[in-house]
Amino acid sequence: IYSNLLYSLYAPRVAQKEYKRAIKISCNLSDDSKANNDSLNIVLIIGESFIKYHSPLYGYYLNTTPNMLRELKNRHLFVFDNINTSYNTTSNTIKNLLSCNSVGLKEEWQLKPYFPIFFKRKGYYVYFWDNQNLPERWDFTLNSFLHNKELSEVSYTAENKDTYKLDGGIIQSFLSQHFPTTQNNFTILHLWGQHIAAKDRYPHTA
């Protein structure tokens, strides 16, 4: 209990130093952008805490994810079955996911740029719709970085303001904005996922 108490007091200070360094490096990048000839719509979904051992996509015997299984059978979904995350916590995973660092080379995430910035510099519309965008709750240190005002200005075209009990709400919120959909869009959707019991996060209509 004493170790946990000391850690809880010390960790936010360390995190604050990391975030300040990361924001400074990302916001002060030299502008070496070249013309962009791509025509892509990219969607990155951060599903959060997906338990593959309870999913038929990975061989589970119960059909717990019928919609995803249908998409797989229709060849609209590809399953990566040989990937492991470097961390088992949200904060460390997302910080390293959205940084240009290499975990394999033991590069620290805060010493490399935040990669959504490069998409925006190349002329992409960058949207970040985050259903955990609540600074006062959950991982406040991570949210204070991802939604830092200075970082947001150079990284995103638009962000969501509201959050929703169900993840379908954040998706409907994004679709209702009528953003350009023809080309050069990079959309990040950060969901609640399986953080919470299914009865609280999935619409039961039966």
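Cut-offs used in this document
- Residues numbered from 1 in each chain as written.
- Predicted model: local features only at pLDDT ≥ 70, side-chain atom pairs only at ≥ 80, totals over all residues.
- Heavy atoms only, no water.
- Pairing = 2+ DSSP bridges.
- Helix = DSSP H or I, 4+ residues; strand = E, 2+ residues; numbered from the N terminus.
- Buried < 20%, exposed > 50% of the residue type's maximum accessible area, 1.4 Å probe, protein only.

Asks: How should I be thinking about the sheet that holds strand 4 (residues 185-190) in this particular structure?
Replies: Within a sheet, neighbouring strands are paired by backbone hydrogen bonds and run either parallel or antiparallel to one another. An order of 1-4-2-3 is seen for the four strands of this open sheet, with the pairing classed as parallel. Single-partner strands in this sheet number two, and they are strand 1 (41-46) and strand 3 (158-159). Across two bridges, strand 2 (residues 125-130) lies against strand 3 in parallel orientation. Residue pairing for strand 3: Tyr127 is matched across the bridge by Ala158.

Asks: Looking at this model, I keep getting lost on the pairing of strand 4. Mind explaining?
Replies: Each regular strand displays side chains that alternate between the two surfaces of the sheet. Counting buried positions along strand 4 yields six of six residues, so the element is predominantly enclosed. Of the two faces of strand 4, both are covered, the one formed by Asn185, Thr187 and Leu189 as well as the one formed by Phe186, Ile188 and His190. Of the strand pairs in this sheet, strand 1 and strand 4 are connected by six bridges, and their pairing is parallel. Opposite Leu44, over in strand 4, you have Ile188 as the bridge partner. Examined bridge by bridge, strand 2 and strand 4 share six bridges and lie parallel to one another.

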